[in-house]
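Observations on the three-dimensional arrangement
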Amino acid sequence: MAERIGGRHFAFDEWSRGGSWLHRLDARWKLAAALAALLLTALRGEAWMAAPLPLLLALAARLPAHALAWRAAAVLPFAAVFAGMSWLAGDSTRAAALLWRPYVSALWVSLLMAATPLEEVLAAAARFGAPRLVLEVMHFIWRYLGVLSEQAWRMRTAAAARGADRSFEVSAASLAVLFAASYQRALRVHRAQLARNGGGLR
Amino acid sequence: MHIPDGYLSPPVMGVLGAASLAGVAAAARKASQALDESRVPLMGMAGAFVFAAQMINFPVAAGASGHLLGGALLAITLGTAPAVVVMTAILAIQALLFQDGGVLALGANVFNMAMAGVAAGGWAWQAFGGPGRRRLAAFAAGSLSALAAACLALAELAASGIRIPGAALGLALGIFALTALLEGAITAAVAAALESVQPGLLGRTHGSPRRALSGLLLASLLLAAAGFLIASSLPDGLEHLAEAIGITGLERAVLAAPMPDYEAKWLGGDWLQKAGAGLLGLIVTAAVCWAAGRWISRWRSA
């Protein structure tokens, strides 16, 4: 539930800076191809046979295929619940589909994000007409996610050190302080952006 | 509740995707007018805050704990339209980089959590707010926001033809109710603490509590009852509904060409019928809530 947001969550940042043929492809092509793969996975019953394809592509692009396979497994707990219910209801074909469809879809998304830096994906989405404000906010969230997570983790540690752990009020006060601090930080960042003559997504 | 890819039927996915696209575009336009040019840092930082807030545990009973979901708190602090944009950005980041929720299902997840969830929170904050009632308003905003999002997700899964046995449905609704109460309590506690840390960050509200209270109770009861009926009548009851309305004939024409093998393997024959009836149920629910809202607002201004 409350796990630390840190190193391994930012692995895509590292992977997406590679220089393979897949990394060098235009992000618009990669985004369109990934969406097409997702649609096929959602609509075609035989798409499970394409499951090794994203992993083979990852290997060809010198990406850690086993790590991508592991990341995609994040969808399995949710999927297992509904697959289990379908299986108990006697619909095993459906149960299997409820497991492999989300997993194969997550593999394709992981491959896209491992082979393409987020800002290129966002720029491609902007070219496809996605609302610009949403993309700029996404870019900003990803930039400051680690910063605020570290701050939250330090606050947690500090509260525990003061012996104030596991109290509703302490947690609420921590979040209030964190929110006020992020608000102030946002204003400072904005002034810094103005001083540097703008910033954000190109 | 983040719906992954491969769970929603094409009609459900398409309709919710279109609704989200239009809703988010409108919210983005409105947010651009509502906030000054520091809006991108403000909204981005608020989004990063919601992620970071997931690491702060709120102890409940018996060793269990929960964390802030955030939709209502964003609506209270930033206003509804900016909160819709921030929540959409959060969901997109989760889908792309955390494998939490699908990319094709993003339309549905945005509809549930960023649009319905945030709007319910923002509405409750406005309806309940007023002198001395801000804690109650924040609690209602958090609870309603979480409850609306979860019930919609469940109804969409049911409308897509996913079987949810009666016992599991009861369990799910129980968990939803607990989650909603917890989100309400967390939102109220954080809003109260925020008011003492830095007054002025909470949005202004001017509601007339007593009438809003009864109206809100009525609307939420209607929503809950309708949502429960949609979900629990699936898959059998909806077939009768579909036959009664005549979607059955329509289905064959639409289904003939594009995806001949799809229906048999994936949803067992009559998915469009079920999905159509499910969507119809959702639309009826929305219409009832809209009408109730109109009635309440007229009643309040009278």
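Above this text sits the structure in question.
Presented here is an overview of the structure given in this document. (Residues numbered from 1 in each chain as written. Chains lettered and ligands numbered in written order. Predicted model: local features only at pLDDT ≥ 70, side-chain atom pairs only at ≥ 80, totals over all residues.)

At the junction of the two partners, chain B supplies 65 residues and chain A supplies 71 residues. For the side of chain B that touches chain A, the secondary structure elements donating two or more residues are α1 (10-34), α2 (39-53), β1 (58-59), α4 (80-97), α7 (166-197) and α11 (262-266) of chain B. The element that contributes the greatest number of residues to the side of chain B that touches chain A is α2 of chain B, accounting for 13 residues. (Contact = placed C-beta atoms within 7 Å. Helix = DSSP H or I, 4+ residues; strand = E, 2+ residues; numbered from the N terminus.)

Ranked by size, the top nonpolar core spans 159 residues in total, and within it V137 and I141 of chain A together with V85, V86 and V190 of chain B carry the most contacts. Here this core gets 19 residues from one element, more than from any other, and that element is helix α6 (residues 134-159) of chain B. If we ignore the near neighbours within four places in the chain, the residues touching V190 of chain B are A172, L175 and A176 of chain A together with L68 and L73 of chain B. (Core = buried A, V, L, I, M, F, W, Y, C linked by C-beta atoms within 7 Å. Buried ≥ 20, exposed ≤ 12 C-beta atoms within 10 Å, placed from the backbone.)

Residues and elements named next belong to chain B. In terms of burial, helix α3 (residues 71-78) is a largely internal element, eight of the eight residues being buried. Here α3 has its buried residues at G71, A72, L73, L74, A75, I76, T77 and L78. Where the residues of α3 are buried, they touch α2, α4, α5 (106-128), α6 and α7. Where α3 terminates, the next one or two residues include G79, which has phi positive at roughly 100°.

A few words now on the packing of helix α3 (residues 27-43) of chain A against helix α8 (residues 118-127) of chain A. Residue and element names in this part refer to chain A. For the pair α3 and α8, the least separation of the axes is 9 Å and the interaxial angle reads 80°. One element, α3, and the other, α8, form an angle in the roughly perpendicular class. Here A27, R28 and L31 of α3 come into contact with α8, specifically with E120, V121, A123, A124, A125 and R127. Considering only residue class, the contact of α3 with α8 consists of six nonpolar, no polar and three charged. (Axes fitted to C-alpha atoms, helices over the stretch in contact; angles between N-to-C directions. Parallel < 35°, antiparallel > 145°, perpendicular 65-115°, else oblique. Nonpolar A, V, L, I, M, F, W, Y, C, P; charged D, E, K, R; others polar.)

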